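Letter by letter, the chains look like this.
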Amino acid sequence: MMALFKCLFGVVLICGVFAQKYWMQPPLPQKHQLSPPFQNPQQQSKVPPPAAPFDKCVLEESEKIQCGTPGINVDQCQDINCCFDGHLCYYGKAVTVQCTKDGQFVVVVAREATLPPLDVNSISLLEPNDAICGPVAGTSAFAIFQFPVTACGTTLKQTDEGYVVYENHMASSYEVGIGPKGSITRDSHFELLFQCRYSGTTVEALLMEVNPVPPPVSVAAAGPLRVELRLGNGQCLSKGCIEEVAAYSSFHGSSDYPITKVLREPVYVEVRLLGRSDPNIVLNLEHCWATSSPNPQSMPQWDLLVDGCPYHDDRYQTTVIPLDGSSGLEYPTHYKRFISRMFTFVASDTFTHQKDAVFIHCATAVCYPSSANSCEQQCHRQRRGAVEKVPLSQRVLVSSGEVILSEKSTASHQKQ
């Protein structure tokens, strides 16, 4: 049988689902022939699947893969936790684990089982020591694994309740950015522990997500008064709206923290000079970086801006938003805006996910333009050293509140 979960850092889901009589092998091209042929497991009881946090059944026609026997009705399709469009029962955008009475695992992983979406080609069993342990079929949206419960590193144990339990484990690979002061990733880390339990004529599937996240910690303190760092939370509400513009129409207040983001979701940062009316002075960002704690000197760290320019060794480089008279700001030179993509810190030695909280810090400087120095931070050619010669009294370090990794996307991120 199958069960559903969404692997999004922080959700632990354990659900037992008894096999239904409607299951059978999906009509997919096979890379190999499994023996003996599939049999329909005996129906024992119905346990409702967990509610999906999004509409897993919205797929393009070309992405649909048949689930169950041809011709089953909507109730039978829902009994095996699949989707029904009026004529076809098909797999949804989730994770499906099925156990057959003849002793085989079938695991179907959807690209959108995580946020950000998985590269389904990166998923593998932890002991893929045989040709039958790789995906038997797949598309850009799904990976399908099908193998005997005695193969591919499956472990066997017996329970006091009389079950014979077959257990296996699969995970995805992910890209890690390695910096001089820390390492991060913006890829989802998919990790799945699944079981088939057999007892007499009963066939039961057990599925869980194995990467829980610790609860959020308290909000960080606000930054200094003369310069403020804040995070935009405006959203597009009309057709033709520009997301990067709307995001800065409103901002998180101190009571909003900690705020949550999913991997790669945009984080809209604004740094502004307060209490100054001189239109000639320029606020510059000397250095912006992220840490996993409120302390800006703590390790690990990840650079966002260096000398006001995107950190060049970040695959998802920070985007600096140009501001001029068309921005609608009274003093555009008193503001700096940039967009970073949410990430999580990983251990520099093992590259395992380590820290799920991010704090953003910026070292700022007030610059006074002159004939020798325009105060412009030029990212495509060598900058003039005069910008660096700023008295300490005109430099301020500001920090954001806490941004934590979440398993749920915001409405604006779902539209991307």
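Just so we're clear, the structure is a prediction, and the values are computed from it rather than from any experiment. Positions within a chain are numbered from 1, following the residues in the order the chain's sequence is written. Only residues with pLDDT of 70 or above have their local features reported here, since the model is predicted, and side-chain atom pairs are shown and tallied only from 80 upward, although totals for entire chains, interfaces and linings are computed over all residues. The basis for every side-chain value is the complete set of non-hydrogen atoms in the structure, without hydrogens or water.

A. Examining the state of the cysteines more closely. In this description, a disulfide is simply a cysteine sulfur pair whose atoms lie within 2.5 Å. Evaluated as defined, the whole model comprises nine disulfides. Here Cys236 engages in a disulfide with Cys241; their sulfurs sit 2.2 Å apart. Every disulfide takes its handedness from the sign of the S-S torsion; for Cys236 and Cys241 that torsion is -75°, giving left-handed. For Cys236, a relative accessible area of 13% gives the class buried. We call a residue buried when its accessible area falls under 20% of the maximum for its residue type, exposed when it is over 50%, and partly exposed in between, using a 1.4 Å probe and counting protein chains only. Given the relative accessible area of 30%, Cys241 is considered partly exposed. Here Cys367 connects covalently by a disulfide to Cys375, the sulfurs 1.9 Å from one another. Its torsion about the S-S bond being -80°, the disulfide of Cys367 and Cys375 is classed as left-handed.

B. Representation of the pairing of strand β4 (residues 95–99). Only runs of H or I of at least four residues qualify as helices and only runs of E of at least two qualify as strands under DSSP, and these elements are numbered from the N terminus. Within β4, five of the five residues are buried, which leaves it mostly tucked inside the rest of the structure. Covered by surrounding structure in β4 are Val95, Val97 and Cys99 together with Thr96 and Gln98, the residues of both alternating faces. At least two bridges found by DSSP between two strands is the condition for calling them paired. Adjacent in sequence and paired antiparallel, β4 and strand β5 (residues 104–110) are bridged by four residues, among which Gly103 carries a positive phi angle near 85°.

C. Spotlight on the packing of aromatic side chains. Side-chain rings of Phe, Tyr and Trp, where Trp is taken by its six-membered ring, are said to pair if the distance between their centres is within 6.5 Å; with planes under 30 degrees apart they count as stacked, over 60 as edge-to-face, and otherwise as tilted. Within this structure, the stated rule accounts for seven aromatic pairs. The interplanar angle of 85° and the centroid separation of 5.5 Å between the aromatic rings of Phe343 and Phe345 together place this pair among those described as edge-to-face. Residues Phe343 and Phe345 agree in their burial class; the two are buried. Through a chain of ring-to-ring contacts, the aromatic side chains of Phe105, Phe147 and Phe194 assemble into a single cluster. Both a distance and an angle decide whether a charge sits over a ring: NZ of Lys or CZ of Arg must be within 6 Å of the ring centre and within 35 degrees of the ring normal. The lysine or arginine in question, Lys64, covers the ring of Tyr90, its NZ or CZ lying 4.6 Å from the ring centre.

Note that every value here comes from positions in space, so none of it alone points to a role or purpose.
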